[in-house]
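What follows is each chain in one-letter form.
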Amino acid sequence: MKLELRPYEEKMKKTIAVLTEDYDGIRVGRANPKVLDKIKVDYYGSPTGLDGVASVKSPDPRTLLITPWETNMLKPIEKAIMASDLGITPQNDGKSLRLCFPTLTEERRKDLVKQVTKMGEDGKVAMRNIRREANDECKVMKKNGEMTEDEQKASEKNVQELTDKYIKEVDVCVAKKTKEIMEI
């Protein structure tokens, strides 16, 4: 009996999805509404995502325009943005908030590349932990007599191939985000 790889592959896919989502949240000098995804606004006592209380538009490549659906939400949205790690002060015109993204300095680009690389390494560590978990399952199955030694070796080889495939995907994600940072 061979090890079922599907659950481990699903975990690896989730790791790639989380990494991609984290990369979307990195501010790279272009106005991207996804940088606001993690900001929560106090909406009548309950924390609500920014997209739940306002519309977010990008009138030009360096600006985001946030227009609340209720004018009384302008101050709480501004407060939430100021409290976040976004590093941009919103400009309030009484009806909407404008976020102007400055161009990146060379030093900031290098810092972002380091951050992206570290996140990629964390993703690889997660992949290796999933591999170890699968290999431990193989050892348990062999110990319990559910698989022969040859089946264990074949299963571990398949797990390694799966791990290599997803580690290459992490490398592709890192390279893509690094290129995006350096081109702006």
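Right above here is the structure, for reference.
In this report, the structure presented in the accompanying data block is examined. (Residues numbered from 1 in each chain as written. Predicted model: local features only at pLDDT ≥ 70, side-chain atom pairs only at ≥ 80, totals over all residues. Heavy atoms only, no water.)

1. What to know about the overall build of the chain
- Counting secondary structure elements, the chain contains 4 helices and 6 strands.
- The C-alpha atoms of the chain give 22 Å as radius of gyration, which overshoots the globular expectation for 184 residues (16 Å, by more than 25%).
- Based on the C-alpha atoms only, the size of the chain along its principal axes is roughly 70 × 40 × 20 Å.
- Looking at the 184 residues of the chain, the share that counts as buried comes to 36%.
- In the chain, 65% of the contacts between residues at least 6 apart in sequence involve partners at least 24 apart.
- For the chain, the exposed surface amounts to about 11100 Å²; the carbon and sulfur share of it is 52%.
- With 35 positive and 33 negative side-chain charges, the chain shows a spacing of 3 Å between the two charge centroids. (Helix = DSSP H or I, 4+ residues; strand = E, 2+ residues; numbered from the N terminus. Rg over C-alpha atoms; globule rule 2.2 N^0.38 Å. Buried < 20%, exposed > 50% of the residue type's maximum accessible area, 1.4 Å probe, protein only. Contact = heavy atoms within 4.5 Å. Areas by Shrake-Rupley, 256 points an atom, 1.4 Å probe, with all protein chains shown as cover. Lys, Arg positive; Asp, Glu negative; His and termini not counted. Charge placed at Lys NZ, Arg CZ, Asp CG, Glu CD.)

2. A look at the packing of aromatic side chains
- Applying the stated criterion to the full structure yields 1 aromatic pair.
- Residues Y43 and Y44 carry aromatic rings whose centres are separated by 4.8 Å and whose planes lie at 70° to one another, so their mutual orientation is edge-to-face.
- The class of Y44 is exposed, set by a relative accessible area of 60%. (Phe/Tyr/Trp six-rings, centres within 6.5 Å; stacked < 30°, edge-to-face > 60°.)

3. Overview of the sheet that holds strand β6 (residues 97–100)
- A sheet is described by the order of its strands in space; here 4 strands give the open sequence β3-β4-β6-β5, paired in antiparallel fashion. The outermost strands of the open sheet, each flanked by one partner alone, are β3 (54–60) and β5 (91–92).
- Both strand β4 (residues 63–68) and β6 contribute to a ladder of 4 bridges, which runs antiparallel. From the neighbouring strand, L64 faces β6, where its bridge partner is L99.
- Where helix α2 (residues 74–83) meets the sheet, it contacts β3, β4, β5 and β6, and its direction lies at approximately 20° from that of β6. (Pairing = 2+ DSSP bridges. Axes fitted to C-alpha atoms, helices over the stretch in contact; angles between N-to-C directions.)

4. Some words on the environment of A134
- Mapped onto the elements, A134 comes out in helix α3 (residues 106–143).
- Residue classification places A134 among the buried positions, given a relative accessible area of 0%.
- When the C-alpha positions of A134 and E10 are compared, they lie 12 Å apart, and in sequence the two are 124 residues distant.
- Apart from residues no more than four positions distant in its own chain, A134 is found in contact with L3, Y8 and V159.

5. Examining the nonpolar core
- If you look at the biggest cluster of nonpolar residues, it comprises 26 residues, and the most contacted ones within it are L3, Y23 and M127.
- Elements supplying a minimum of two residues to this core: α1 (6–24), α3 and α4 (149–183).
- Of all the elements, α3 adds the most residues to this core, at 9 residues.
- Apart from residues no more than four positions distant in its own chain, Y23 is found in contact with V116, M119, G120, C173, V174 and K177.
- The next biggest cluster of nonpolar side chains, apart from the first, holds 20 residues, and it includes V53, I77, A80 and I88. (Core = buried A, V, L, I, M, F, W, Y, C linked by side-chain atoms within 4.5 Å.)

6. Quick notes on the pattern of salt bridges
- Across all of its chains, the model carries 10 salt bridges by this definition.
- A salt bridge links E161 to K157; the shortest N-O distance between them is 3.1 Å. One end of the pair is E161 and the other is K157, both in helix α4 and 4 residues apart, which spans about a single turn.
- What emerges from the salt-bridge pattern is a single network uniting E121, K124 and D171. (Salt bridge = Lys/Arg side-chain N within 4 Å of Asp/Glu carboxyl O.)

7. What about the side chain of Q152?
- You can see Q152 is positioned in helix α4.
- Among residues more than four places away in sequence, those in contact with Q152 are C138, K139, K142 and M147.

8. What to know about the pairing of β4
- By the bridge criterion, 5 bridges tie β3 to β4 in an arrangement that is antiparallel. In the sheet register, A54 faces β4, and the bridge partner there is P68.

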